[in-house]
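Here's the letter readout for the chains.
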Amino acid sequence: MPSVVLPISLSKDQWLRFYRGEIQSVQATSIDGRSIRLPARVFQRFVTEDGVLGVFRVTFDDANRFVRIERLGRG
């Protein structure tokens, strides 16, 4: 399955915009330069009091639909 590695750094204030319904997606650039847009909800389990920070591998199926996300490191 195809995957991308994304460094993500969303502050607590940026993440609060998701909870307020102001944003539904997160756009990030992978380490190989590809631009990826994902539903913000996929990062919900990685939220800390500081926001969402780390390096993540996102896996897609052959139709480019989200399959899973895993944190590789804390950035």
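This text goes with the structure placed above it.
Residues numbered from 1 in each chain as written. Predicted model: local features only at pLDDT ≥ 70, side-chain atom pairs only at ≥ 80, totals over all residues. Heavy atoms only, no water.

With that settled, consider the pairing of strand β4 (residues 51–60). Most of β4 sits out of view: seven of its 10 residues are buried. Bridge count for strand β1 (residues 3–11) against β4 is nine bridges, and the pairing is antiparallel. Note on β4: the bridge partner recorded for Ser3 is Thr59. Between β4 and strand β5 (residues 66–73), which pair antiparallel one after the other, the connecting turn spans five residues, and Asn64 there sits at a positive phi close to 65°. (Buried < 20%, exposed > 50% of the residue type's maximum accessible area, 1.4 Å probe, protein only. Helix = DSSP H or I, 4+ residues; strand = E, 2+ residues; numbered from the N terminus. Pairing = 2+ DSSP bridges.)

Time to look at the environment of Asp50. Topologically, Asp50 is positioned in the loop between β3 (35–39) and β4. Judged by its relative accessible area of 48%, Asp50 is partly exposed. Here the alpha-carbon distance between Asp50 and Val26, two residues 24 residues apart in the chain, equals 17 Å. Residues in contact with Asp50, not counting those within four places in the same chain, are Leu10, Ser11 and Lys12. (Contact = heavy atoms within 4.5 Å.)

Counting through the fold element by element, Ser30 comes out in the loop between β2 (25–29) and β3. Since its relative accessible area comes to 5%, Ser30 is described here as buried. With residues near it in sequence (within four places) discarded, Ser30 still touches Val4, Val5 and Leu6.

Our focus in this paragraph is the environment of Phe66. With respect to the helices, strands and loops of the structure, Phe66 is situated in strand β5. Sequence separation of Phe66 and Asp13 is 53 residues, and the distance between their C-alpha atoms is 25 Å. When neighbours within four sequence positions are excluded, Phe66 is seen to be in contact with Leu38, Val42, Val58, Thr59 and Phe60.

The next point concerns the packing of aromatic side chains. Summed over the entire model, instances satisfying the criterion amount to five aromatic pairs. When the centroid spacing of 4.9 Å and the interplanar angle of 35° are considered together, the rings of Trp15 and Phe18 count as tilted. A residue pair is termed a helical-turn pair when its members lie 3 or 4 positions apart in one helix, as Trp15 and Phe18 do in helix α1 (residues 12–19) at three residues. Accessibility expressed as a relative area gives 2% for Trp15, which makes it buried. Plain terms: the ring middles of Trp15 and Tyr19 are 6.1 Å apart, the flat faces sit at 85° to each other, and that makes the pair edge-to-face. (Phe/Tyr/Trp six-rings, centres within 6.5 Å; stacked < 30°, edge-to-face > 60°.)

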